[in-house]
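Working through the structure, step by step
Listed below, chain by chain, are the residues.
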Amino acid sequence: MASAAHILGGLARDYAAGTPQRLQVVDAYMAFCVAVGAAQLLYCVLAGSFPYNAFLAGFGSAVACFVFAASLRMKTNPKNAAQFAGPPEAAFAEFVVCHIVLHFVVANFLG
């Protein structure tokens, strides 16, 4: 039976060898979004949620950023080229426009 470290090492090697660098950058951004959301949730649990709309805006922003990045990853993955028509630049432009709209909504929600 293989150890967990051996399995995780093989998984990391396969990921580094088989995933394009562009997708690895998107994956790192997605991990950052998860970390930001977890940090905000932890702060809310430990310190309280006095300005509750601020917590909702920040946490919702982290979740939405993760969803937008997942969409970008799906649309720019070469293995999914048959399902998504259009160049990767169009998917990135959609990602940027969605982020701009999201941050206007978040700023409006904060007051």
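See the structure printed just above.
Remember, predicted model here, so these are calculated numbers, not experimental data.

1. Describing the packing of helix α3 (residues 52-76) against helix α4 (residues 88-110)
The N-to-C vectors of α3 and α4 enclose an angle of 175°; their axes lie 10 Å apart at closest approach. In terms of axis orientation, α3 runs roughly antiparallel to α4. Residue composition of the contact of α3 with α4, grouped by class: 17 nonpolar, six polar and two charged.

2. Digging into the packing of aromatic side chains
Tallied over the entire structure, the rule returns four aromatic pairs. For the ring pair Tyr29 and Phe95, a centre distance of 6.1 Å and an interplane angle of 85° mean the geometry is edge-to-face. Pair noted here: Tyr29 is in helix α2 (residues 21-47) and Phe95 is in helix α4, with a separation of 66 residues, a long-range link. You can call Tyr29 partly exposed: its relative accessible area is 27%. Among the residues examined, Phe95 registers a relative accessible area of 14% and is labelled buried. A centroid spacing of 5.6 Å and a plane angle of 20° characterise the contact between Phe55 and Phe59, whose relative ring orientation is stacked. Residue Phe55 and its partner Phe59 are both found in helix α3; the two are separated by four residues, about one turn of the helix. Residue classification places Phe55 among the buried positions, given a relative accessible area of 16%. What makes Phe59 partly exposed here is its relative accessible area of 28%. Taken together through their ring pairs, the aromatic side chains of Tyr29, Phe92 and Phe95 make up a single cluster.

3. Quick word on α3
Compared with an ideal rise of 1.5 Å per residue, which puts 25 residues at 36 Å, α3 spans 36 Å between its outermost C-alpha atoms and is within 8% of the ideal. Turning to α3, its buried residues are Phe55, Ala57, Gly58, Ser61, Ala62, Ala64, Cys65, Ala69, Leu72 and Thr76. In this structure, the buried residues of α3 make contact with α2 and α4.

Cut-off values and rules
- Residues numbered from 1 in each chain as written.
- Predicted model: local features only at pLDDT ≥ 70, side-chain atom pairs only at ≥ 80, totals over all residues.
- Heavy atoms only, no water.
- Axes fitted to C-alpha atoms, helices over the stretch in contact; angles between N-to-C directions.
- Helix = DSSP H or I, 4+ residues; strand = E, 2+ residues; numbered from the N terminus.
- Parallel < 35°, antiparallel > 145°, perpendicular 65-115°, else oblique.
- Nonpolar A, V, L, I, M, F, W, Y, C, P; charged D, E, K, R; others polar.
- Phe/Tyr/Trp six-rings, centres within 6.5 Å; stacked < 30°, edge-to-face > 60°.
- Buried < 20%, exposed > 50% of the residue type's maximum accessible area, 1.4 Å probe, protein only.
- Expected span 1.5 Å × (residues − 1).
- Contact = heavy atoms within 4.5 Å.

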